[in-house]
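Coordinate analysis (summary)
If you want the building blocks of each chain, they are given just below.
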Amino acid sequence: MKKLYIRRASELVTCRGSAPKKGAEMADIGLIKNGGVLIHDDRIFAVGTTEELDLLAGFEEGSGQVDACTETASGYTVLDASGKTVLPGFVDSHTHFIFGGYRAEEFSWRLKGDTYMSIMERGGGINATVGPTRDASIQELVSVGRERVNRMLEFGVTTVEGKSGYGMDRNTELKQLRAMKELDASHPVDIVTTFLGPHSVLPQYKGKEREFIDMLLQDVMPVVKEEGLAEFADIFCEKGVFGIEDSEYYLTRAKEMGFKLKVHADEMNSLGGAELAARTGAYSADHLLKASDEGIRQMAKAGVISTLLPATAFCLKEPFAPARKMIDSGCAVALASDLNPGSCFTNSIPLLIALGCIYMNMSIEEVITALTINGAAALGRSDSIGSLEKGKKADVVILKYPSIHFMPYHTGINLVETVIKNGDVAYQKEWERLPELKREN
Ligand SMILES: N=CN[C@@H](CCC(=O)O)C(=O)O
Ligand SMILES: [Zn+2]
């Protein structure tokens, strides 16, 4: 058995307890000073103070057994985390990271005053990514996806959700999902897949949205189900895209087929997407910039996770989702990057931390909960990831600094030093590796 002991962490964040964490529970991150984690193979064996775990591991302080990274008599490899913060691996629970091409020009147009929806109406936006994604081979999608997931791992992400939705035909939707499955099998980061066929309306389906949805339900989703290509089904419920009736029709049938549900809801307009998510029993409603008070109340009551995507609001120069109101109303809030080729091309966890704390009035404890256990719950995985508790996957992040308060304080800076995935070191930062400067005489 492979045994690892992370020892003497200045602050160890467990996020233990029931999940998801709602309302005031979000501030309780189960912090242990001078904490440690014992890992056996790919699972967490014990979590506690270093004193408690030394006893459990058969260590004697001062015996010389506990030097950093040495094999010890009791078989543990020791990782000395003194002066550092240890957290559960981050869960990025909403992304669109598999696609072909780029849309950099749209960002410039928006800087000059165009809106996301006006660009979409004149043929840009999501539809503009369809051609390059259809043209890309599965190996090209896997290769570019691998680079993106590598970058996520550097930020401490150990599980990521990825959506289809840039094919909107049978072959390309399946190709996107298969690319993610191939990556999942060959990369340390776990990938949870979502079918998002109804992501936009192609010109030939304008005014015939129901026909398009029926095509997806009949021709594509049975294959997705049969091959186990996606666990969740999602839809872009928005004015000018898919309305409430079409969205409810799709979600109801997707649920009957055995998919878990997610909804892109109330992003640009208050359409009743949050209420729809509550009504259909969705795991999460995502975006929610314009969620109504009634929608917030219903999400809290139904236990729908409010997945907020502040980097998207930031890039679109839109007001942030009302995180404070949601938490104070008893909602469980998750934060995710929404990495995509159009509205938000970032996978930066430090940016989410900064926006959450500075602009959304969330405490750093609430932000940590939103990026770990509540993200895990939004993916239906809170029993296996999202917290440091006995029996869970050993997905652990170690930060260079001694306290969680460095996370917003070192604004926008990646503090991740080590990432452990399934008990193995998957990423180790080399802080001071600079090239030798050559001097000409
Ligand atoms: N809003 C809908 N879908 C994506 C954007 C996708 C794109 O613009 O390519 C989102 O969640 O932000
Ligand atoms: Zn999205």
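Keep in mind the model is a prediction, meaning the values are calculated, not measured.

The next point concerns the environment of Thr-85. Within the secondary structure, Thr-85 is located in strand β5 (residues 85–88). Sequence separation between Thr-85 and Ser-403 is 318 residues, and the spatial gap between their C-alpha atoms is 5.6 Å. For Thr-85, the residues in contact, after removing those within four places along its chain, are Ala-9, Ser-10, Glu-11, Leu-399, Tyr-401, Pro-402, Ser-403 and Ile-404.

Our focus in this paragraph is the domain arrangement of the chain. Partitioning the chain into domains gives domain 1 (3–88 + 387–428) and domain 2 (90–378). Put simply, the middle of domain 1 and the middle of domain 2, counted by C-alpha atoms, are 31 Å apart. Facing the 29 residues of domain 1 at the interface are 30 residues of domain 2. Looking at the side of domain 1 that touches domain 2 residue by residue, the classes come out as 18 nonpolar, 7 polar and 4 charged.

Of the positions making up helix α10 (residues 293–302), those classed as buried are Gly-295, Ile-296, Gln-298, Met-299 and Ala-300. Check the buried side of α10 and you find it contacts α9 (273–280), β11 (284–287), β12 (305–308) and α12 (323–328). Just beyond α10, the residue with positive phi is Gly-303, at close to 75°.

Quick look at the site of ligand 1 now. The immediate surroundings of ligand 1 are formed by 14 residues, with Ile-126, Phe-236, Asn-340, Gly-342 and Ser-343 found nearest. Class assignment for the residues of the shell around ligand 1 results in 4 nonpolar, 8 polar and 2 charged.

A few words now on the UniProt feature "binding site: Fe(3+)" (unreviewed entry) in the chain. UniProt annotation of "binding site: Fe(3+)" (unreviewed entry) refers to His-94, His-96, His-264 and Asp-338 when read in the numbering used here. Maximum C-alpha separation among the annotated residues is 12.2 Å over a sequence range of 245 residues, consistent with a single clustered spot. Checked against the element boundaries, His-264 lands in strand β10 (residues 260–265). Excluding its chain neighbours within four sequence positions, the residues that come into contact with His-264 are Asp-234, Ile-235, Phe-236, Cys-237, Glu-238, Asp-286 and His-287. Secondary-structure assignment places Asp-338 in the loop between β13 (333–335) and α13 (349–358). In this structure Asp-338 comes out as buried when scored by C-beta crowding, with 29 C-beta atoms within 10 Å. With near-sequence residues (within four places) excluded, Asp-338 lies in contact with His-94, Thr-95, Leu-309, Ala-311, Thr-312 and Cys-344.

Conventions and cut-offs
- Residues numbered from 1 in each chain as written.
- Chains lettered and ligands numbered in written order.
- Predicted model: local features only at pLDDT ≥ 70, side-chain atom pairs only at ≥ 80, totals over all residues.
- Helix = DSSP H or I, 4+ residues; strand = E, 2+ residues; numbered from the N terminus.
- Contact = placed C-beta atoms within 7 Å.
- Domains from an automatic or database assignment.
- Nonpolar A, V, L, I, M, F, W, Y, C, P; charged D, E, K, R; others polar.
- Buried ≥ 20, exposed ≤ 12 C-beta atoms within 10 Å, placed from the backbone.
- Near = placed C-beta within 6 Å.
- UniProt positions renumbered as here; feature names shortened; annotations may be inferred.

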